[in-house]
Protein chains: 2
Amino acid sequence: MTDQVIAGTDLSRLRELNSLTVVRALRDQPPTTVTELANVTGLSRPAVDVIAQGLVSSGWATVVEPGGSSTVGRPARRYRFRATAGHVIGVDVGAHKILVLLADLDGNVVQTSRCAVAADADPAERLAALDQILAQSLQESGKSPADIWAVTVGVTGPVDASGRTTLFTPLPGWRTVDLAAHLSDRFTCPIIVENDCKLAALAERWQGTARDANDIVFLLAGMRLGAGLIIDGVLRRGYGGAAGEIGALKAVRWLTAPSHLEKCPGVPATVNPDDAAAWVFNAARAGNRDARTAVNRYVKDLAIGTAALVLALDPQVVVYGGGFSRSADLVLEPLHRELQKLCLRVPDVRASTLGADSVALGALRLALNEVDQRLFTMGLSAPVAPRRD
Amino acid sequence: MTDQVIAGTDLSRLRELNSLTVVRALRDQPPTTVTELANVTGLSRPAVDVIAQGLVSSGWATVVEPGGSSTVGRPARRYRFRATAGHVIGVDVGAHKILVLLADLDGNVVQTSRCAVAADADPAERLAALDQILAQSLQESGKSPADIWAVTVGVTGPVDASGRTTLFTPLPGWRTVDLAAHLSDRFTCPIIVENDCKLAALAERWQGTARDANDIVFLLAGMRLGAGLIIDGVLRRGYGGAAGEIGALKAVRWLTAPSHLEKCPGVPATVNPDDAAAWVFNAARAGNRDARTAVNRYVKDLAIGTAALVLALDPQVVVYGGGFSRSADLVLEPLHRELQKLCLRVPDVRASTLGADSVALGALRLALNEVDQRLFTMGLSAPVAPRRD
């Protein structure tokens, strides 16, 4: 018997706490031996042995049997966190598309589903499309709603504490939508709604180009421009959830920046307005003078709002992300040059490596944070007890 | 004997740690009884008794004898942190003046010294004036440099990690000045140089109008406009010390805002350019039409840069501070109105209650933080051992 009975402490609660300590030591780590776990947790080797076997039976850990390559003594068995104990879903509800990522607890994406939505779709249509794509994601991955431990959905516009975009959203009629309430009909797990730019910033620090940085200005560049801020390693939501909305200020030119692309002379009438920017970037690459002028004007306007954020916050890194990051080859260098003219100290300027998937990826990261937070503050029974496959 | 000998722990080190625990429990608290201290620290009552008496002998605590008013039993004696164990100095080196505040460890100002400096004074003149006013402050308060545990100096312009204003400063020739090195000839304690706007923001949260807030945009308003940001309760310095410098961006109009006051028609030729703004504010109060127009234009330009910060950060409070806060009666309400037009969510807009002293007060706060940080991470011998009066 390795647990100690301490006056006033319930024995089963103590076992639970010790198990949680071992789960925490396994989480986000490579496979670990009992000896290593004992060192890290301060628990005795025999206690860890019992706990680790218990975590395997209850589905929180798996055994990694040693390979046969060791020549000195018998190699130790290792334990690893069982990432498939639960799953999370990250969603990007955009103007033109809905993207759903379903991932295990290590953030490995096991299912990707995507559908187009009309930009002028009303809330009922958009919610119906969301429901359908979520159902498809669950079905194709062989999961039921009860297998999902957290859902995060990214939307455009500042998100208030109730998960609504009451201040502003370009999605038609979306101001009054209560997305968390809508989804709670299907899911019993926590549901978080968050601003798309903020989620994309999280993704860039998690898996993208800003993994080394704690002070990040992220630009979500498309036919609209938005920003997500990470300050001292923490996502800045703002007192009312409206941080990063500098684009609303006419003086910093983000409202007009993309229109230089849209209005570029020579865009063929057959090109859909949503694809005009891609046409202009391609034409600029091919040397078209009007297209080059349009890109230059776009970058000059982009630089004003970016400089406002850089001067305000003095970040380490600016990340140019979103759909337009596919054309970063035309934007990064002139943007950097403009910032040198406008700013006192110029940060690194980098292109997103995650592109248009960054919002859904950031949604996964926030969902995983929610799972870990519940797990490590509330205990192993908090998210959902894992089941054996 | 109340200390326990624990294997591998040096007994005197354990005593020091227990003493530090009691000092921490006394710091920033009202006078406290041994019983209360025992409850807070988890040490035994007899142990706390011995430690508290030791802290009195060594100068860290004083005894507050009970008054005679209690009718039930013998009232307990109380101990309190001895704030005069050490002192700190906060300095504001401005374009026109130097202000020195000398305070005890509770932040009670015991000496204020002030002198005028010419705006065009070269670094040698400004440093000579600083040396003289520091000498005067020490002399009039009966202190020697060894009595001072930390010095913080506020200067204009972003301050880098070495304490210099290499990126920009309006003080003539000041870019190359190494103020910390200069002052270390006189003081052996830590010397911190920090940007004036950042210090004023700290002061406003410590003793001013933003004591209830963790998310603050502070405006230092005078013939130049600057900003200090407090985010999630932490002063934002920026990756290179240059946060809050949004005023450098022409598009947000802070570079031109004060010029509307300076160039207001009707300012008498006899009025010094530095006093023109005060004349205009007074004239506007008296109903002068040109002065009212100038103030309106000033506020409209002030609002653009302020809106950029509000939209970027979504703070709880905007504080209008600095020298011009004397005229907040003319500025606050129209500023709020402009922000309502420009921002998605409008924060509280408040006038500073500290005015032109806020920079030096914030410098005191930063010096006190430095003392506490050294004390509680390095031990009672770290700052300077206190001496009996």
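Residues numbered from 1 in each chain as written. Chains lettered and ligands numbered in written order. Predicted model: local features only at pLDDT ≥ 70, side-chain atom pairs only at ≥ 80, totals over all residues. Heavy atoms only, no water.

- In the annotation of an unreviewed UniProt entry, chain A is listed under the name Transcriptional regulator and assigned to Dactylosporangium sucinum.
- The record held by UniProt for chain A lists under Sequence similarities (unreviewed entry) the comment "Belongs to the ROK (NagC/XylR) family." (UniProt positions renumbered as here; feature names shortened; annotations may be inferred.)

1. Observations regarding the sheet that holds strand S11 (residues 234-235) of chain B
All names here are of chain B.
Alright, step 1. In space, the five strands of this open sheet follow the order S11-S10-S9-S12-S13, with mixed pairing throughout. Each having just a single partner strand, S11 and strand S13 (348-351) make up the two edges of the open sheet.
Alright, step 2. Two elements, strand S9 (residues 216-221) and strand S10 (residues 225-231), share six bridges in a ladder whose sense is antiparallel. Across the sheet, Val 217 pairs through a bridge with Leu 229, a residue of S10. (Pairing = 2+ DSSP bridges. Helix = DSSP H or I, 4+ residues; strand = E, 2+ residues; numbered from the N terminus.)

2. As for the nonpolar core
Alright, step 1. The biggest cluster of nonpolar side chains holds 90 residues, and the ones touching the most others in it are A:Tyr298, A:Tyr320, B:Tyr298 and B:Tyr320.
Alright, step 2. Leave out the neighbours within four places in its chain, and A:Tyr320 touches A:Leu219, A:Ala221, A:Tyr298, A:Leu302, A:Ser325, A:Ala328, A:Val331, A:Leu332, A:Arg350, A:Ala351 and A:Ser352. (Core = buried A, V, L, I, M, F, W, Y, C linked by side-chain atoms within 4.5 Å. Buried < 20%, exposed > 50% of the residue type's maximum accessible area, 1.4 Å probe, protein only. Contact = heavy atoms within 4.5 Å.)

3. Some details on the relation of the copies chain A and chain B
Alright, step 1. Least-squares fitting of chain A to chain B yields an RMSD of 0.0 Å, with the superposition described by an axial translation of 0.0 Å and a rotation of 180°. A rotation of that kind, with that shift, is consistent with a two-fold axis. Distance from the rotation axis, computed per C-alpha, reaches its smallest value in chain A at A:Ala251: 3.1 Å.
Alright, step 2. Counting the interface residues of chain A, we find that 100% of their copies in chain B are interface residues as well, pointing to one common contact surface. (Least-squares fit on C-alpha atoms with pLDDT ≥ 70 in both.)

4. Here we look at unusual backbone geometry
Residue and element names in this part refer to chain B.
Alright, step 1. Positive phi outside glycine occurs at Asp 28, with the angle close to 60°.
Alright, step 2. Assignment of secondary structure puts Asp 28 in the loop between helix H1 (11-26) and strand S1 (32-33).
Alright, step 3. With relative accessibility at 54%, the residue Asp 28 sits in the exposed group.
Alright, step 4. Even without being a glycine, Asp 314 presents a positive backbone phi close to 50°.
Alright, step 5. Looking at the element boundaries, Asp 314 is found in the loop between helix H9 (289-313) and strand S12 (317-321).
Alright, step 6. The buried category is assigned to Asp 314, whose relative accessible area is 1%.

5. Thoughts on the interface of chain A and chain B
Alright, step 1. Facing 36 residues of chain A, the contacting portion of chain B comprises 36 residues.
Alright, step 2. Summing the contributions of chain A and of chain B, the shared interface buries around 2,800 Å²; its carbon and sulfur component is 68%.
Alright, step 3. When the buried surface of chain A facing chain B is broken down by residue, A:Arg236, A:Tyr239 and A:Leu344 rank first, second and third, together holding 23% of it.
Alright, step 4. At the junction of chain A and chain B, the tally comes to four salt bridges.
Alright, step 5. When the shortest N-O distance is used, the salt bridge between A:Asp215 and B:Arg236 registers 2.8 Å.
Alright, step 6. Inspection of the region where chain A meets chain B yields 22 residue pairs in polar contact (both at pLDDT 80 or more).
Alright, step 7. Contributing elements (two or more residues each) for the side of chain A that touches chain B: strand S10 (225-231) and helix H9 (289-313) of chain A.
Alright, step 8. In terms of residue count, H9(A) provides more of the side of chain A that touches chain B than any other element does, seven residues in total. (Buried area = accessible area lost by both parts, 1.4 Å probe. Salt bridge = Lys/Arg side-chain N within 4 Å of Asp/Glu carboxyl O. Polar contact = N/O pair within 3.5 Å; in protein donor to acceptor, adjacent residues only side chain to side chain.)

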